[in-house]
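# Notes for the structure review
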Amino acid sequence: MCQGCRNTCDHKYKVIDARENVLQRKPEAFFPKRPYSKPLSNIQNRSGCRCRKTRCLKKYCVCYNSGKTCGEGCTCIGCENKGV
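Report follows, based on the coordinates. What you see is a predicted model, and the numbers here were worked out from it, not measured in a lab.

## Here we look at the nonpolar core
Counting residues in hydrophobic clusters, the biggest one holds nine residues: Cys49, Cys51, Cys56, Cys61, Cys63, Cys70, Cys74, Cys76 and Cys79. Beyond its immediate stretch of four places on either side in the chain, Cys70 contacts Cys49, Cys56, Cys61, Cys63, Cys76, Cys79, Asn81 and Lys82.

Now the structure itself:
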């Protein structure tokens, strides 16, 4: 937990004022940074994985995590996620 946190119900009006001040300076401040239409795993999988120690057999591997085999775009070492 934060020390000295003022983002609580006790300081509700201060938090609201702070947010309004930020929104006046930058209206898109609290919008999501990434569009929701494209999942992150598909974006990362286009460039391929770069696994070094896991041999692409653990959830750290972008390809393995998305249920796909490694392809030409991958720069992994000792890959065992080639499929056949």
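## Regarding the state of the cysteines
As enumerated under the stated definition, the model contains zero disulfides in all. The thiol sulfur of Cys76 is not disulfide-bonded, and the nearest other cysteine sulfur, from Cys56, lies at 3.7 Å. Cys79 forms no disulfide, and the closest cysteine sulfur to it belongs to Cys70, at a distance of 3.6 Å. Looking at Cys79, the relative accessible area reads 18%, which means it is buried.

## Comments concerning the side chain of Asn81
On the secondary structure map, Asn81 appears in the segment after α3 (62-65). Accessibility expressed as a relative area gives 10% for Asn81, which makes it buried. Here the side chain of Asn81 touches Lys68 through a polar contact of 3.1 Å, landing on its backbone oxygen.

Quick notes on the rules
- Residues numbered from 1 in each chain as written.
- Predicted model: local features only at pLDDT ≥ 70, side-chain atom pairs only at ≥ 80, totals over all residues.
- Heavy atoms only, no water.
- Core = buried A, V, L, I, M, F, W, Y, C linked by side-chain atoms within 4.5 Å.
- Buried < 20%, exposed > 50% of the residue type's maximum accessible area, 1.4 Å probe, protein only.
- Contact = heavy atoms within 4.5 Å.
- Disulfide = S-S within 2.5 Å.
- Helix = DSSP H or I, 4+ residues; strand = E, 2+ residues; numbered from the N terminus.
- Polar contact = N/O pair within 3.5 Å; in protein donor to acceptor, adjacent residues only side chain to side chain.

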